[in-house]
Amino acid sequence: MTQVEDAAVAPAPADQKNTPGVGARPGGSRRPGPGRGLIGRLNAAVAGAPVVFTDAAVVSFAIWTLLYHLNLGLNLRPSVIFLVWVVLQPVAAYAAWRLRRRDVVTRHSGDGEAVTERAEAPADRASLLRRYALPVVAAIGAAIFASFRTGTLSWWLAAGLGLVAVVSAWLALPRAGRPSDADADADAAPAVRATTPVQGYVVLAVSLAAAYFATLINRVSLDDVFYVGKSVWVAERDNIPFRDFLFTEGVLPGGSANPPLPSFEVFIGALARALHIHTASVMWYLLLPVLAVFVVLALWRLVQRWAPRRPLVVFGVAMAYILLVAYYADALNTYHLPRLTQGKSVFVHGLIPLAWVYLTDYLERRSRRALVLLVLLSVASVGYTTTAVILLPLLAAAAGVTLLATRRWREAVVCFLAASAYPLLSGVLVQLLRGGLEGAVTTYTQLLPLRTIYELTLWLGILGLIGGLAVWWSPLLLRRGVPQQLAVGAALAVTVLMVPGLLKLGGDLSGLTAVLWRVPWILPVPALVGVLAVISLPGLTRVNRVLAVALPVVLVFAFYTQGKPMWYGGKLVESKPTWRIPDNRKAASFWIKKLDRPAGLVLAPSTMMQALPQVTTEVRVVLPRDLYLTDYGMETQFAQDRLLLAKFADGEVVSIPAVAEAMGRVGVGMVCVWKGNTIVPEVAPTLGLEPFASRKAPGAMVCYRVGAPAR
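Rules of the game
- Residues numbered from 1 in each chain as written.
- Predicted model: local features only at pLDDT ≥ 70, side-chain atom pairs only at ≥ 80, totals over all residues.
- Heavy atoms only, no water.
- Axes fitted to C-alpha atoms, helices over the stretch in contact; angles between N-to-C directions.
- Helix = DSSP H or I, 4+ residues; strand = E, 2+ residues; numbered from the N terminus.
- Parallel < 35°, antiparallel > 145°, perpendicular 65-115°, else oblique.
- Left-handed = near helix turned anticlockwise from the far one by under 90°.
- Contact = heavy atoms within 4.5 Å.
- Nonpolar A, V, L, I, M, F, W, Y, C, P; charged D, E, K, R; others polar.
- Expected span 1.5 Å × (residues − 1).
- Buried < 20%, exposed > 50% of the residue type's maximum accessible area, 1.4 Å probe, protein only.
- Arc of directions from axis to C-beta.
- Patch = residues over 30% accessible without salt bridge, like charges linked within 9 Å, V, L, I, M, F, W, Y side chains within 5 Å.
- Areas by Shrake-Rupley, 256 points an atom, 1.4 Å probe, with all protein chains shown as cover.
- Salt bridge = Lys/Arg side-chain N within 4 Å of Asp/Glu carboxyl O.
- Core = buried A, V, L, I, M, F, W, Y, C linked by side-chain atoms within 4.5 Å.
- Pairing = 2+ DSSP bridges.

1. Considerations on the packing of helix α12 (residues 343-365) against helix α13 (residues 368-384)
Argument step 1. One way to put it is that α12 packs onto α13 with a least axis distance of 9 Å and a crossing angle of 165°. With respect to α13, the element α12 is oriented roughly antiparallel. The chirality of how α12 crosses α13 is left-handed. Facing α12, whose interface residues are Gly343, Lys344, Val346, Phe347, Leu351, Leu354, Ala355, Tyr358, Leu359, Asp361 and Tyr362, α13 presents Ala370, Leu371, Leu373, Leu374, Leu377, Ala380, Ser381 and Tyr384.
Argument step 2. Here the contact of α12 with α13 is built from residues that sort into 15 nonpolar, two polar and two charged.

Next up, the structure:
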């Protein structure tokens, strides 16, 4: 098993090079000579870019979210809020600069990144075996039962062994590895572990490559009907649609997919309006690359904080895991590059890792800056997704458990309040104003089986075994001190909640059953999987040299052979940046928008009715997405009429008299179908459909006006 002592005894050689010596300038750097000034500044800028970029993004979006939530009472136009937000950016930058200067604890480091390292005498193999055999073996058993077995008994065994693994690992860790008390001597040695210029260049190159690749992925998400559609509404109409905007123009109440808390879609719409660029272009050509850089840098920051050694190797394996193990629609890594324009994706892959970074910084260095950033992160998280109302308090509670166990009462309370106060307050306000939080965060599903919950985050089979070991071994594998402590809390919280019946009980008590399958999202799984690549065995130098090469190769090989990449299935990678709408639907949507349309709703094939709201709000369609009918009752005439008409436009055989009645009740003014549809042309005279426009490929369609039916 991993050599825990090696991970904690002393800084690695790379770290020692960054440790300030006697008489050195703060940060361990020397004043550059005349010939190296520009290169030195460039290297320093690249090395500091991950911190500057991610922290600035958190602060900036937190300010936007605060303005947006304040506007819920003022009801100003989004364009006005956006203008105020732009004006406040220099103020925020100055405040951040002042806060950084006052954060005196980190003045020894160029970017404020330090870790506590304490020496401890190495233990003999027999002692290591006694201390670590139980957590190692228990974790293996838990991962096997969770990944390969089925049935309630297997989950009792998986959860039980997982608890044994986490608790025994916590008890086995050296006491010197626990974080120091609040009044510990500040000179007790944090050794600097800043991002080096070489690491900075590599990470920056990877993030830019990910940004470009994200624009090439043409993987359609049905959720974009809502997310992009809402942003399009804001851009075109300059108001926030609190009521229904998909089926009606504010006639129906807002569905459960449209709570008032998230500000992300409104920001995109306001930005598109300010730039006079189509919303979809702003989303997929501008924001998507920026968000890709953000989440990749957030991953690096966590890896750099938590990895015991060779952080670039850990980072590379974690990125390979994200790219190669991401296929299922709701799998964890599918929420990365393919779906970053959805707020919950930015939350799980960007803000969750940064939350652990800020907690680590505060607990290790009493960094006021990190604490303020944690508060702002909690604000930004609510702006991205209402899921944060549940997961951030859970994450903070998980961290607080081990703080309480070490009698760090003050830090436990401070960390919990910093991460949870704003999300909890927001949830209470939604409860009071909207009549329940359940409607604000529901995903239209009942609680998923535990096996499915495990699969969506950690997968099954070989990949599930790797994911399980990454989680349950994490208290032993991570860098000594705060990272190990936080890993104990996170793994313990998720393992307890996977005890059969507990999630259901929590859902019944809270009314949040539909989203509890996202509980494992508090685990930074890609980073934990990456740490498996740098396992080192005590006292086996030659073996460790082999493992240093073999483990990363074996892990990536397993990802490649056992997983499916995010671009798997069909032509999902284009040769140039693209919208997440196929070209034929995109072309047909703009064509329909330009037609001299009769009054009434547009009935079209289901795929076209999903695309049109992402292009314009001027064209109102019969059924943007059938899932959203759940809010208004699937058995109601309102829903049944729309489902029937969608089948008709898709070319299915249905009752024509029933279609005629439904068209009258719904108010259909125009019917557009693909030219390959033979059913609609045959019954057009019966339904009073008069052809008035057609187009060639791509998106070859024919459109009909609704007139008087034939007698």
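2. Topic: α13
Quick reminder: α-helices carry 3.6 residues per turn. Residues three or four places apart thus point the same way.
Argument step 1. Counted at 1.5 Å a residue, the expected span for α13 with its 17 residues is 24 Å, and the 24 Å between its end C-alpha atoms agrees.
Argument step 2. Within α13, 13 of the 17 residues are buried, leaving the element largely enclosed by the surrounding structure.

3. Some points on helix α24 (residues 583-594)
Argument step 1. Its 12 residues place the ends of α24 17 Å apart at the C-alpha level, agreeing with the 16 Å of an ideal helix rising 1.5 Å per residue.
Argument step 2. Residues Ala588, Ser589, Trp591 and Ile592 constitute the buried set of α24. Take α24 and look down its axis: the buried residues cluster within an arc of 165°, on one side only. For α24, the exposed residues lying more than 90 degrees away from the buried face are Asp583 and Lys594.
Argument step 3. Buried residues in α24 make contact with α25 (606-611), β4 (668-674), β5 (689-695) and β6 (701-706).

4. A short note on a nonpolar patch on the surface
Argument step 1. On the surface, a cluster of nonpolar side chains totalling about 580 Å² of accessible area is made up of Leu70, Leu74, Leu76, Val80, Val84, Leu88 and Val91.
Argument step 2. Listing elements by their share of the nonpolar patch, those giving two or more residues are α3 (37-74) and α4 (78-102).
Argument step 3. Top element by residues in the nonpolar patch is α4. It accounts for four residues.

5. Re the pattern of salt bridges
Argument step 1. Taken as a whole and assessed by the stated rule, the structure comprises 15 salt bridges.
Argument step 2. When the shortest N-O distance is used, the salt bridge between arginine 301 and aspartate 55 registers 2.6 Å. On the criterion of sequence distance, the pair formed by arginine 301 in helix α10 (residues 279-306) and aspartate 55 in helix α3 is long-range, its members being 246 residues apart. Across the pair, exposure class does not vary: arginine 301 and aspartate 55 are buried alike.
Argument step 3. When the shortest N-O distance is used, the salt bridge between arginine 369 and aspartate 55 registers 2.8 Å.

6. Some thoughts on the environment of alanine 399
Argument step 1. With respect to the helices and strands, the residue alanine 399 is situated in helix α14 (residues 388-405).
Argument step 2. The spacing of alanine 399 and alanine 412 is 13 residues in sequence and 7.6 Å in space, taken between C-alpha atoms.
Argument step 3. Once residues within four sequence positions are removed from consideration, alanine 399 is found in contact with Trp356, Leu359 and Leu486.

7. Description of unusual backbone geometry
In terms of backbone geometry, most residues other than glycine have negative phi values and most peptide bonds are trans.
Argument step 1. Cis rather than trans, the peptide bond between alanine 697 and proline 698 has omega equal to 0°.
Argument step 2. With respect to the secondary-structure elements, proline 698 resides in the loop between β5 and β6.
Argument step 3. We note that arginine 366 has phi near 55°; this positive angle belongs to a residue other than glycine.
Argument step 4. Notably, arginine 407 is not glycine yet its phi reads approximately 60°, a positive angle.
Argument step 5. Looking at the secondary structure, you find arginine 407 in the loop between α14 and α15 (409-434).

8. A word on the environment of valine 668
Argument step 1. Note on placement: valine 668 falls in strand β4.
Argument step 2. The sequence separation of valine 668 and valine 622 amounts to 46 residues, and the corresponding C-alpha distance is 7.5 Å.
Argument step 3. Leaving out residues up to four positions away in the same chain, valine 668 has contacts with Leu601, Leu603, Val622, Leu645, Met663 and Val706.

9. Some points on the environment of proline 526
Argument step 1. Checked against the element boundaries, proline 526 lands in helix α22 (residues 525-531).
Argument step 2. A C-alpha to C-alpha distance of 4.9 Å links proline 526 and alanine 318, two positions 208 residues apart in sequence.
Argument step 3. If near-sequence neighbours (up to four positions away) are discounted, proline 526 is found in contact with Leu299, Ala318, Tyr321, Ile322, Leu332 and Asn333.

10. A closer look at the nonpolar core
Argument step 1. Counting 171 residues, the largest nonpolar core has Trp64, Leu337, Trp356, Trp472 and Phe559 as the members making the most contacts within it.
Argument step 2. In terms of residue count, α10 provides more of this core than any other element does, 19 residues in total.
Argument step 3. When near neighbours in sequence (up to four residues on either side) are disregarded, tryptophan 64 contacts Pro78, Ile81, Phe82, Trp85, Ser263, Val266, Phe267 and Ala270.
Argument step 4. Counting 54 residues, the second-largest nonpolar core is a separate cluster that includes Leu601, Leu612, Leu644 and Val659.

11. Things to note about the sheet that holds β6
In a beta sheet, neighbouring strands pair by backbone hydrogen bonds and run either parallel or antiparallel.
Argument step 1. In space, the four strands of this open sheet follow the order β3-β4-β6-β5, with mixed pairing throughout. Two strands in the sheet have a free side with no partner beyond their single neighbour: β3 (601-603) and β5. Sheet twist, expressed as the average angle between the axes of neighbouring strands with direction ignored, equals 25°.
Argument step 2. Of the strands in this sheet, β4, β5 and β6 touch α24, which is tilted by about 120° from β5.
Argument step 3. Relative to the sheet, helix α27 (residues 656-666) contacts β3, β4, β5 and β6, its axis offset from that of β4 by approximately 125°.

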